[in-house]
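Structural description and commentary
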Amino acid sequence: MGNFFDSVAKRFRFIAVLEAISWVFLIVGMVFKRLPEPVTWPVKVFGMTHGIIFILFVITAILAARELAWNAKTTVLALLSSIPPFCTVLFEVWAVRAGQLGELSNVTSADTGAPASVTP
């Protein structure tokens, strides 16, 4: 089974999901900030956390693009996915299905035994 972080594809998946989760907390913090009695600490804490994870995602996407030989379109889509909330996860799902995430794209489905990738 190996280490959870033993490949760039696994690291990319982890950071993509973490970035989406950080969006949830940031949005919750923004809601608290808009209450009749504003609570501002969540925006400060979750905003900083999201910012750090955002930077980690961009770095991880660039490293993945290099190691997995992504073309310019895939690389740009990965980087753009970090801007709208939750799109990093959508990109990761697409990348797996499109055969862009190395061994994660080559995993066979437990139900069918068919390759998980749609196109190579």
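Per-chain numbering applies: the sequence of each chain, read as written, is numbered from 1 onward. Totals for whole chains, interfaces and linings use every residue, but because this is a predicted model, local features are given only for residues with pLDDT of at least 70 and side-chain atom pairs only at 80 or more, for both listing and counting. Side-chain measures were taken over the full set of non-hydrogen atoms in the model, leaving aside hydrogen atoms and water.

1. Some words on the environment of Val45
Short version of the rule: A helix here means a DSSP run of H or I that spans at least four residues, while a strand means a run of E at least two residues long, and both kinds are numbered starting from the N terminus.
Take Val45: it is sitting in helix H2 (residues 41-67). Linking Val45 and Phe25, residues 20 residues apart in sequence, is a C-alpha distance of 9.3 Å.

2. Topic: the packing of aromatic side chains
To keep it simple, the criterion reads: Each pair of aromatic rings taken from Phe, Tyr and Trp, with Trp reduced to its six-membered ring, is defined by centres within 6.5 Å and is described as stacked if the planes are under 30 degrees apart, edge-to-face if over 60, and tilted in the remaining cases. Buried, partly exposed and exposed residues are distinguished by accessible area as a fraction of the type maximum, computed with a 1.4 Å probe on protein chains only: under 20%, between the cut-offs, and over 50%, respectively.
Following the criterion strictly, the structure yields 7 aromatic pairs and no others. Measuring from centroid to centroid gives 5.6 Å for Phe12 and Trp70, while their planes differ by 90°, and the two rings are edge-to-face. Here Phe12 is found in helix H1 (residues 8-33), whereas its partner Trp70 is found in the loop between H2 and helix H3 (72-80), with 58 residues between them in sequence. Grouping residues by exposure puts Phe12 and Trp70 together as buried. Taking 5.7 Å as the distance between ring centres and 70° as the angle between the ring planes, the aromatic pair formed by Trp70 and Phe91 counts as edge-to-face. Taken together, the positions of Trp70 in the loop between H2 and H3 and Phe91 in helix H4 (residues 87-97) put the pair 21 residues apart, joining distant regions of the chain. Overall, the relative accessible area of 8% leaves Trp70 in the buried class. We classify Phe91 as buried; its relative accessible area is 6%. Each member of the aromatic cluster is reached from another via a ring pair, and the members are Phe12, Phe57, Trp70, Phe91 and Trp94.

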